[in-house]
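# Tertiary structure, described
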Amino acid sequence: MSKVYAITNQKGGVGKTTTSINLSAYLAAAGRRVMLIDLDPQANSSTGLGVEQPVQRSIYEVLVQHITLNDVAITNTRPNLTVVPSAVDLAGAEIELVDMPEREYRLRRAIEPVRRNFDYILIDCPPSLGLLTLNALTAADGVLIPMQCEYLPLEGLSQLLNTVKLVRQRFNPSLEIGGVILTMFDPRTRLATEVVREIRTHFPKEVFQTVAGRNVRLSEAPSHGKTILEYDPNSPGALAYRALAEEVISRG
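So, how was this worked out
Residues numbered from 1 in each chain as written. Predicted model: local features only at pLDDT ≥ 70, side-chain atom pairs only at ≥ 80, totals over all residues. Heavy atoms only, no water. Pairing = 2+ DSSP bridges. Helix = DSSP H or I, 4+ residues; strand = E, 2+ residues; numbered from the N terminus. Axes fitted to C-alpha atoms, helices over the stretch in contact; angles between N-to-C directions. Core = buried A, V, L, I, M, F, W, Y, C linked by side-chain atoms within 4.5 Å. Buried < 20%, exposed > 50% of the residue type's maximum accessible area, 1.4 Å probe, protein only. Contact = heavy atoms within 4.5 Å. Phe/Tyr/Trp six-rings, centres within 6.5 Å; stacked < 30°, edge-to-face > 60°. Lys NZ or Arg CZ within 6 Å of the ring centre and 35° of its normal.

## A closer look at the sheet that holds strand β2 (residues 34–38)
- Sheet architecture is open: 8 strands sit in the order β3-β4-β2-β5-β1-β6-β7-β8, paired in mixed fashion. This sheet does not close on itself; its edge strands, each paired only once, are β3 (74–78) and β8 (207–213). Strand-to-strand twist of the sheet, defined as the mean angle between neighbouring strand axes without regard to direction, takes the value 25 degrees.
- Looking at chain direction, strand β1 (residues 3–7) and strand β5 (residues 120–124) are connected through 5 bridges and run parallel.

Okay, structure coming up:
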């Protein structure tokens, strides 16, 4: 059975897009059929996978018009990996969706006809808890939460978990916490080690064993339109995301 994961954290700069790009790449490399939906108006997942902007059609048209995911999907970038790009127009979608009927379910209904064609559908959410993220959470089976190993992101986790609880109650009762992904770990700092310990104490089942440390090669890869698998497959960042993909598959 296919899995739909929303990759989200309302705080920016925690490795959300890096996780979306590279987890998708390693799942695809493992032979899984993957669709990555870029739901962030900044379109960083799209450009990080080499999709040049502007695009003719994007997830924006899927949400606000009667366009299907197949109409906008890009299938020729990498084997097993389909990309649904974002565009700057998506920034206005929050306002346009407000007056639409059943506005929270538009992405879910777009995914349903194509879901059987994929093993994993990953949704890269914007760094906010607005209508776009709400659409992703309503469409998803689980939430993957990239968590920077610092104190402030830890504070914001409770707000995100409360949002997940509200979505369960009102829109998607089957939504689960798919996992917490520890990112940007710096072993030289005591704070990072303490944050990891605290997260593992409070979420012993949810936190993935894999920890993605700070890695320059991970930051460089998107500027070349490449995943870390293509840019530097032997770097620590590459090894971390390969291990994460293996964990995601084993949990599935």
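## A word on the nonpolar core
- I37, I59, L69, L107, I111 and I123 are the most contacted members of the largest nonpolar core, which has 51 residues in total.
- Of all the elements, helix α7 (residues 131–139) adds the most residues to this core, at 6 residues.
- If sequence neighbours within four positions are ignored, I111 has contacts with V4, I37, L69, I121, I123 and A139.
- Core analysis: the second largest hydrophobic core is formed by 29 residues, Y120, L122, I181 and A245 among them.

## Some remarks on the packing of aromatic side chains
- Throughout the structure, instances matching the rule amount to 2 aromatic pairs.
- Centre to centre, the rings of Y5 and Y120 are 6.5 Å apart; their planes meet at 15 degrees, and the pair counts as stacked. Taken together, the positions of Y5 in strand β1 and Y120 in strand β5 put the pair 115 residues apart, joining distant regions of the chain.
- Its relative accessible area of 6% is what places Y120 among the buried residues.
- Seen from their ring centres, Y105 and F171 are 6.0 Å apart, and the 75 degrees between their planes marks the pair as edge-to-face. Residue Y105 is located in the loop between α5 (93–97) and α6 (106–111), and its partner F171 is located in the loop between α8 (151–170) and β7 (176–185); the two are separated by 66 residues in the primary sequence.
- Taking the ring centre of F208 as reference, the NZ or CZ of R251 above it sits at 3.9 Å.

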